Amino acid sequence: MKAELLAPAGDVEAGYAALFYGADAVYLGLQQFSARATAVNFTPETLADFTGYAHSLKRKLYVAVNTLVQETELSSLLQTLEACRTAQADAVILQDLGVARVIRDSFPELELHASTQMAVHNKEGALALQRLGFTRVVLARELSLPEIEEIAAIPGLETEAFIHGALCYSYSGLCLFSSMETGKSANRGKCSYPCRACFQGPLGARHYFSMKDMALCEDVLKMPVSSLKIEGRKKSALYVAAVTDFYRRILDGKGVDSNRAENIRQIFSRPWTKFHFLGKNKEVVDPDFVGHRGLEIGQVEVAFQGKLLFRTKHALARYDGLQIDVKGFEKPFGFSLEKMRVAGQSVFEAKAGDKVEVSLPSNAPFLQKGERIYLASSTAVKGAYPYQKPKAGAFMPKTPLSVQLEIKPDLLKAQAMGQTCEIFGQFETAQNPGKTTAAAHQAFAKTDRAPFYLSDLKIENPQSLFVPVSVLNDLRRRLYQDLELPPKITALPPLPSALKNRKKEFVLKTDSAALLTKLDLTNMTEVIYLLNPETDVGLFKLLPKNKVRLALPTVCRRPKCFAPVVQKLLEQGYRKWEIGHAWGLALLPEKGIDLSFDTPFYMMNTQAFAMAQEMGATRACFAIEDTLENIRQLASKPSIETTFVIYQDVPLFTSAVCLRANSCRECPKDEKWSRLQKGKEQFDVLSKNCGTTVFSAEPLCLASEAASVSADYYRIDFVGKVYSPEKAAYLLDQLSHFKDVLGSRKGNMQRRL
């Protein structure tokens, strides 16, 4: 089956450009619940009009409703989903399990696509989402070709993979850096992009997390997926046109066009990478500069007295934009090319190969020989991608309407979609009954701006009576103004009955065998132990089985490695489990266990808790990045047990990018800790097994806030960082009395997320 080329649209102009240059489908967001909240996005009206146009071309339209939804926003969610249904969108892309439940129960005509924010990174996770009703999963960008092939082979499940555009340092959906540091949540579409910042670290001042852009180019032909996705809902229509055109030609067998690739680099690009698509790749970060660079066209040869000399590799024109990598500058120095000379003559244009002299602006920094020069804006390219678009409002989707018209001597009655309209009068025998029939068809075909069209008109006129055209038009207006197509959904799916009495007990979660053996855990109702494939299962004999809950990690690229450990523990009678991702469902039995959902499931609304229960969970955690106000609203409502995590070293980045300077072949893959700093903020970085986890130097502590929240369990985490038994014992004592500890942070407790 031919793969779909899927292009982004941050506004309607980008959408029209995408369709004109060959996109098979377009994805976009509305003005609420979009993970690109700062894009222009679409209104319900522009969505409906654009969808109608796309469908007229036999293309598809997907709406991203892919942010986390707080409890008070559920009514607004209904309005957003109503707009998707009215526009006849082909699918909704989502992250929040609560949104999935609302769509499944109240908007079943909308297909479910699992957003990249759900971090689907293995076959087991994809299968779990398929069982929940998802028809497509968007794969994590971190996957290699063999991993993609394994997931794409699942029968009956569509797969979608990114092929071009910006990359996140963290697995999408598992980045909490922006949220915990600034309150601007990536999971709510408001990321502040801390990955692009400069940090002081072991290699000096660098952009340790600033990723290059993905560009698979001809390797897209190796992709076995259903849909090939271009990133860029915050990019211009020009960028969308150029990238869509570039990949359309590749997919149509025309190969890679180097001139078109240059156009893309000039419009917007960071350095390009294939990420881990062809295997582990350490050259994926651009540590020296951030932002748009452009197309490299030469190097500084001489810079003096406000003049710059270099030999250009590309045609130039006056008013083009240039950028230069300047040593010691975080971003390239850019300026407009106002004056240019070739061979001593002032010129408007220069050809590739010409040695040009350019006038520098007065604020130009000192430029050194060899510094790279980029074409960052080209007048020629700006005019190279024209596109056509229809008249606004011309393709508003309409629903077929069947009308029954009954004509009696004293009554004229019309019915449609359960609505009835009547006009009383005196109607006499027609001299030409055919004219009445024709007039009725003409009158009821006038739907104007109504969201439907007349598909069928059945007329009952057994006495061949005559009705004036004015009366038929009046009847039509009265009938059509009362129709609402289809009826709006005004109520959320019903919830299970809420548990009334909360247990208010304390639990400990750890990945340290030393703490498990040396701490006095008498006051802990339960101990949650984070497993790894090498876990010594004999550890748990120290505690009663009913006090031990075993946890699987959120990210696992090789779930089969865990299968023997899990099976052995199940055989030994361990029935309490915790998972942080849907993939864990594949390793555990559907019945006979007590299952808890960890914080990465992001329980921020009652519909999400209800969905967790339907997935088999008996307990779920409040989201670690949620606000105290929202948690308080949820605390008394869930029908399953709740956990409030009150102490944790929050993983700000969970990444498949290695921070180590050594090559992969020389790497021991053991734990290596580094300290980074940005201003007064310090961060601890753990490199292990080809991945990186970034923590704030200060833990999150919500003990005092938790005292006002009625949860079943208050959880204390000693996971990720190393704790001595003495420090852990002190913290357990303080936290179990709802006392905050010094040197901690509050996250989003008092913020508006």
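Fair warning: this is a prediction, and the values are worked out from it, not measured in the lab.

J.: In this structure, what is going on with the packing of helix α11 (residues 433-444) against helix α12 (residues 469-482)? I would like to understand it.
T.: The description of two packed helices rests on the angle between their axes and on the distance between the axes. Between α11 and α12, the shortest axis-to-axis distance is 9 Å and the interhelical angle comes to 35°. Like other packed secondary-structure pairs, α11 and α12 cross with a definite hand, here right-handed. Contacts between α11 and α12 involve Thr436, Ala439, Ala440, Ala443 and Phe444 from the former and Val469, Leu472, Asn473, Leu475, Arg476, Leu479 and Tyr480 from the latter. Its residues assigned to classes, the contact of α11 with α12 shows nine nonpolar, two polar and one charged.

J.: How should I be thinking about the sheet that holds strand β20 (residues 345-346) in this particular structure?
T.: The strands making up a sheet associate through hydrogen bonds between their backbones, and the pairing can be parallel or antiparallel. With respect to topology, five strands assemble into an open sheet ordered β14-β15-β22-β19-β20, the strand pairing being antiparallel. What marks the edges here is a single partner per strand, and that holds for β14 (302-304) and β20.

J.: What exactly am I supposed to notice about unusual backbone geometry here?
T.: Residues apart from glycine generally show negative phi values, whereas peptide bonds are mostly found in trans. Its identity as a non-glycine residue notwithstanding, Cys217 has a phi of 50°, on the positive side. The topology assignment puts Cys217 in the loop between β10 (213-215) and β11 (227-230). The exposure class assigned to Cys217 is buried, which follows from its relative accessible area of 10%. Despite not being glycine, Lys669 has its phi angle at roughly 65°, a positive value. With respect to the element layout, Lys669 can be found in the loop between β35 (651-655) and β36 (672-678).

J.: Please clarify how the nonpolar core should be interpreted in this entry.
T.: Generally speaking, a soluble globular protein has its nonpolar side chains buried in company with each other. Core analysis: the biggest nonpolar cluster contains 202 residues, and Phe209, Tyr247, Phe540, Trp577, Phe597, Phe644 and Phe718 have the highest contact counts within it. Looking at which element gives the most residues to this core, the answer is helix α8 (residues 237-251), with nine residues. Residues in contact with Phe209, not counting those within four places in the same chain, are Tyr169, Cys195, Phe199, Val285, Phe653, Leu659, Leu676 and Val694. Residues Ala439, Ala443, Leu465 and Leu485 belong to the second largest nonpolar core, which totals 26 residues.

The rules behind each value
- Residues numbered from 1 in each chain as written.
- Predicted model: local features only at pLDDT ≥ 70, side-chain atom pairs only at ≥ 80, totals over all residues.
- Heavy atoms only, no water.
- Axes fitted to C-alpha atoms, helices over the stretch in contact; angles between N-to-C directions.
- Helix = DSSP H or I, 4+ residues; strand = E, 2+ residues; numbered from the N terminus.
- Left-handed = near helix turned anticlockwise from the far one by under 90°.
- Contact = heavy atoms within 4.5 Å.
- Nonpolar A, V, L, I, M, F, W, Y, C, P; charged D, E, K, R; others polar.
- Pairing = 2+ DSSP bridges.
- Buried < 20%, exposed > 50% of the residue type's maximum accessible area, 1.4 Å probe, protein only.
- Core = buried A, V, L, I, M, F, W, Y, C linked by side-chain atoms within 4.5 Å.

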